[in-house]
Number of protein chains: 2
Amino acid sequence: MSYRVGIDISGGDYAPLEPLKGAIWAQEEIDDKVVLIGDKKEIGQTLEKLKDKDKIKIRIEDLEIVDAPEKIEMDDLAAMSIRKKRNSSIVVGIDLLKKGKIDAFVSCGNTGAVVSASTLMLRLIEGVERPGISVFVPTAKNVSLLIDVGANVNPKPLHLLQYGIMASLYYSLVLNKREVTVGLLNIGEEETKGPDFVRTVHKLFSSAPINFIGNLEAKDIFTGKCDCIICDGFVGNIALKLSEGLVEVVGKFLTDAIKNDPLSKLGLIFIRRSIRKFKSLVDYAEYGGAPLLGVNGVVIIGHGRSNSKAVKNAIKVAIKELNRDVIGEIRGRLKEIYENNSIKELISSATQ
Amino acid sequence: MSYRVGIDISGGDYAPLEPLKGAIWAQEEIDDKVVLIGDKKEIGQTLEKLKDKDKIKIRIEDLEIVDAPEKIEMDDLAAMSIRKKRNSSIVVGIDLLKKGKIDAFVSCGNTGAVVSASTLMLRLIEGVERPGISVFVPTAKNVSLLIDVGANVNPKPLHLLQYGIMASLYYSLVLNKREVTVGLLNIGEEETKGPDFVRTVHKLFSSAPINFIGNLEAKDIFTGKCDCIICDGFVGNIALKLSEGLVEVVGKFLTDAIKNDPLSKLGLIFIRRSIRKFKSLVDYAEYGGAPLLGVNGVVIIGHGRSNSKAVKNAIKVAIKELNRDVIGEIRGRLKEIYENNSIKELISSATQ
């Protein structure tokens with residue numbers, strides 16, 4: 001089956017150039033259809049530039065464009081902007097998804113606006129009370145899925161259980177793994193550790209229908225100790241941003257140390273290939289985008305700083321999610337769980 | 001003035017060897033007196049080994065040892081262990097500090113036990129409701145102080161204000177800086193960002209007698225954007241452990257990439273000097289230990305994995321704190337603040 005994936009050309013720090021390049025690049029590699037959503041006039045102008053500079057041969061007639069001339073800026077207030085800018089790429093994109101005119105939507109724009117528009121317009125999957133943003137984290141073993149990294153900063157324990165269930169299914173379907181493990185991010189392995197909130201979640205997880213391995217300490221996030229790592233959106237966002245900042249500073253420290261030493265500078269020529277390999281390992285562009293789980297539709301949120309490669313890979317993540325019918329599976333699984341009586345008790349005991 | 005610094009020889013993953021080596025090393029470099037607290041027999045045996053292996057010439061008669069034969073293990077429950085193991089190095093050390101027989105106590109042992117013993121036996125400085133563990137974080141500019149990294153995982157907004165006041169003073173006294181800046185760790189710069197708890201703290205900080213620069217995003221922790229970074233103990237502990245884990249994995253990724261590439265392996269010889277320099281920049285051993293702020297006494301908590309260098313530097317951190325009379329200054333400053341009427345209102349409004 002061939003899908004139609006909408007891509008927000010106006011969203012992200014390097015829009016419209018990088019999203020456009022990424023969309024064209026993706027179109028060359030996939031059989032599905034990429035639909036560009038953004039300011040049509042601007043897309044035309046950018047395409048002309050690309051023709052001159054990057055020798056891209058595609059004609060505007062070959063592209064499917066949906067005009068969305070308004071722009072939600074990266075620092076616009078989410079709730080207000082989606083109400084006021086009805087012709088923005090984000091609102092138009094989510095609306096197309098709702099109406100079934102596209103099958104997935106990818107945006108590197110204002111995260112809050114994408115989350116709000118998705119939640120309000122697509123609504124949540126039955127059994128989900130809050131959406132969660134999940135990101136792929138490269139680990140020493142393979143890759144883990146960390147959820148939530150910022151959609152929900154005042155969560156209830158039950159929301160984290162829903163994240164655990166959704167992430168398990170997502171991981172098993174998209175990364176083809178049978179026994180998916182779930183860990184709860186905490187400051188110690190013992191169940192008595194951590195704030196009251198996290199201890200309640202631990203209790204809930206212990207009797208929940210997930211493969212819960214217990215608390216996961218932050219030092220083990222990157223060792224690949226478990227497949228899905230669950231935390232509240234505040235802690236997850238801090239973990240994500242801290243990691244990005246740290247990798248950047250560490251890289252700067254290291255290159256400065258090398259550049260200030262003549263012998264090392266010479267050595268740099270030899271290790272260049274390894275540094276490239278290393279960079280690709282920690283490069284978020286490799287993993288594309290972050291699936292927004294819990295909404296009624298495939299929505300992928302790209303990093304604000306996404307380059308064309310990240311955009312291309314985000315589109316591929318969307319297609320993988322569609323191919324495995326992740327949303328249908330989550331819907332079915334949640335229904336099954338909620339119909340089970342003991343789970344009902346578990347949930348009602350946790351929400352008291 | 002000459003001080004007496006007690007060091008827990010039984011605490012830490014590499015005890016008694018590394019704490020003992022660190023204590024001897026420190027004694028060679030300082031005029032103050034290092035007091036060894038631990039199992040006297042074991043210390044004697046370890047010293048014999050050191051004489052053979054490391055050519056250390058010191059005789060046991062030259063060392064001041066206080067016998068504390070019991071051991072609190074790294075995974076013992078804090079509250080119970082300090083009640084049951086009265087002859088442990090931690091309880092004996094804090095007791096010596098309380099009685100004025102030593103002026104500071106350094107331990108790389110069970111953090112929870114050190115915090116509990118300090119809080120219960122030394123009591124808190126008037127005006128402080130919870131102690132906080134502060135760590136030095138190397139940044140692209142200089143060094144920042146992050147508090148709390150785990151002493152208090154269910155804090156009230158007022159506790160964070162007390163951390164902000166203590167950290168500011170600590171930084172200004174120990175690192176000789178006049179205009180110390182304070183940032184609140186959050187997921188965005190706007191005051192409307194973050195969980196309800198953090199937003200309340202933001203309000204409190206905005207009218208507090210500290211040089212508050214607003215929210216600090218996690219990506220900026222290592223850029224050196226502000227001197228003191230305040231957060232709750234859960235988030236701080238996760239940030240700390242995540243950073244350690246990430247630096248380790250990044251190092252492994254990079255060396256693996258280099259080792260698997262023959263050309264890079266050759267280059268490694270050239271860049272060895274730079275790697276050493278880089279390692280010293282991110283090595284926690286350089287910064288010694290983490291000051292436990294808020295208790296009535298100078299207590300430094302070392303990393304569980306401390307080597308002798310970290311122990312030596314932790315002892316030096318303790319002496320610096322004593323030389324600047326950090327505790328006396330904190331006590332005075334808090335008294336001054338609490339006597340100010342408008343601050344009283346601010347505090348009562350925040351605690352409602």
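Residues numbered from 1 in each chain as written. Chains lettered and ligands numbered in written order. Predicted model: local features only at pLDDT ≥ 70, side-chain atom pairs only at ≥ 80, totals over all residues. Heavy atoms only, no water.

Asks: Please explain the overall build of chain A as it appears in this structure.
Replies: The number of helices and strands found in chain A is 12 helices and 11 strands. Projected onto its principal axes, the C-alpha coordinates of chain A cover approximately 65 × 60 × 35 Å. Of all intrachain contacts in chain A linking residues separated by at least 6 positions in sequence, the fraction that spans at least 24 positions is 72%. When the accessible surface of chain A is summed, it comes to about 15,300 Å², and 49% of that surface belongs to carbon and sulfur atoms. (Helix = DSSP H or I, 4+ residues; strand = E, 2+ residues; numbered from the N terminus. Contact = heavy atoms within 4.5 Å. Areas by Shrake-Rupley, 256 points an atom, 1.4 Å probe, with all protein chains shown as cover.)

Asks: Would you take a moment to explain the environment of B:Ala113 for this structure?
Replies: All names here are of chain B. Here alanine 113 lies in helix H5 (residues 111–122). Note: C-alpha distance between alanine 113 and isoleucine 90 (23 residues apart in sequence) is 7.4 Å. Among all residues touching alanine 113, those that are not within four sequence positions of it are Ile72, Ala78, Ser81, Ile82 and Ile90.

Asks: Would you take a moment to explain the relation of the copies chain B and chain A for this structure?
Replies: The operation relating the two chain copies consists of a rotation about an axis and a shift along that axis. Overlaying chain B on chain A yields an RMSD of 0.0 Å, the required transformation being a rotation through 180° with an accompanying axial translation of 0.0 Å. Here the transformation between the copies is reduced to the relation of a two-fold axis. When C-alpha positions in chain B are compared against the rotation axis, the closest is assigned to B:Gly267, at 2.2 Å. Taken together, the interface assignments show that 100% of the residues at the interface of chain B recur at the interface of chain A, consistent with an identical surface on both copies. (Least-squares fit on C-alpha atoms with pLDDT ≥ 70 in both.)

Asks: I tried to follow the environment of B:Asp8 on my own but got confused; where do I start?
Replies: All names here are of chain B. With respect to the element layout, aspartate 8 can be found in strand E1 (residues 4–8). Given the relative accessible area of 1%, aspartate 8 is considered buried. Here serine 10 takes part through its backbone nitrogen, which lies 2.9 Å from a polar atom of the side chain of aspartate 8. (Buried < 20%, exposed > 50% of the residue type's maximum accessible area, 1.4 Å probe, protein only. Polar contact = N/O pair within 3.5 Å; in protein donor to acceptor, adjacent residues only side chain to side chain.)

Asks: Please explain empty space enclosed by the protein as it appears in this structure.
Replies: By rolling a water-sized probe across the atoms, one finds the places where empty space is left. The final tally for this structure, using the stated rule, is 7 cavities of 30 Å³ or more. Taken as a whole, the largest cavity spans an internal volume of roughly 50 Å³. A:Leu160, A:Leu184, A:Leu185, A:Phe197, A:Val198, A:Ile230, A:Cys231, A:Asp232, A:Val235 and B:Phe234 are the residues that line the largest cavity. Split by residue class, the lining of the largest cavity holds 9 nonpolar, no polar and 1 charged. (1 Å grid on protein atoms, 1.4 Å probe; cavity = no way out; pocket = protein on both sides within 12 Å on 5 of 7 lines; lining within 4 Å. Points joined across faces, edges and corners; volume = space filled by probe spheres on them. Nonpolar A, V, L, I, M, F, W, Y, C, P; charged D, E, K, R; others polar.)

Asks: Sorry, what's going on with the nonpolar core here?
Replies: Note that soluble globular proteins tend to have their nonpolar side chains buried in a common cluster. In terms of nonpolar packing, the biggest core is built from 233 residues, with A:Leu36, A:Phe205, A:Ile315, B:Leu36, B:Phe205 and B:Ile315 touching the most fellow members. Not counting chain neighbours up to four residues away, the residues in contact with B:Phe205 comprise B:Leu160, B:Leu161, B:Val182, B:Leu184, B:Ile210, B:Phe212 and B:Ile230. By size, the runner-up hydrophobic cluster in this structure holds 8 residues, among which are A:Leu254, A:Ile258, A:Leu268 and B:Ile258. (Core = buried A, V, L, I, M, F, W, Y, C linked by side-chain atoms within 4.5 Å.)

Asks: Looking at this structure, I do not really get the pattern of salt bridges. What am I missing?
Replies: Between side chains of opposite charge, a pair can form as their charged atoms come close. Using the criterion set out here, one finds 32 salt bridges over all chains in the structure. Among the ionic pairs, A:Lys219 bridges to A:Asp220, the shortest N-O distance being 3.6 Å. Take A:Lys219: its relative accessible area is 33%, and that puts it in the partly exposed class. The shortest N-O distance in the salt bridge between B:Glu18 and B:Lys21 comes to 3.9 Å. Here B:Glu18 and its partner B:Lys21 are both found in helix H1 (residues 17–29), 3 residues apart, which amounts to about one turn of the helix. Several salt bridges converge on common partners, so that one network encompasses A:Glu189, A:Lys219, A:Asp220 and A:Lys225. (Salt bridge = Lys/Arg side-chain N within 4 Å of Asp/Glu carboxyl O.)

Asks: What is the right way to look at the sheet that holds strand E10 (residues 289–293) of chain B in this model?
Replies: Strand pairing in a sheet takes place through backbone hydrogen bonds and is either antiparallel or parallel in direction. All names here are of chain B. Read across the open sheet, the 11 strands follow the order E3-E2-E1-E4-E11-E10-E5-E6-E9-E7-E8; overall the sheet is mixed. With one partner strand each, in any of the chains shown, strand E3 (64–67) and strand E8 (212–217) form the two edges of the open sheet. Here the average twist between neighbouring strands, direction ignored, is 30°. Direction of pairing for strand E5 (residues 132–138) relative to strand E6 (residues 143–147): antiparallel, over a ladder of 5 bridges. Bridged to valine 135 within E6 is leucine 146. (Pairing = 2+ DSSP bridges. Axes fitted to C-alpha atoms, helices over the stretch in contact; angles between N-to-C directions.)

Asks: Whenever I open this one, the packing of helix H6 (residues 157–174) of chain B against helix H11 (residues 326–339) of chain B confuses me. Can you help?
Replies: For any two helices packed against each other, the geometry is given by the interaxial angle and the distance between the axes. Residues and elements named next belong to chain B. Direction vectors running N to C along H6 and H11 enclose 135°, while the axes themselves pass 10 Å from each other. Classified by the interaxial angle, the pair formed by H6 and H11 is oblique. For the crossing formed where H6 meets H11, the hand is right-handed. In this structure, H6 uses Gln162, Ile165, Met166, Leu169, Tyr170, Leu173 and Val174 to contact H11, whose residues at the interface are Val326, Glu329, Ile330, Arg333, Leu334, Ile337 and Tyr338. Residue composition of the contact of H6 with H11, by class: 11 nonpolar, 1 polar and 2 charged. (Parallel < 35°, antiparallel > 145°, perpendicular 65-115°, else oblique. Left-handed = near helix turned anticlockwise from the far one by under 90°.)

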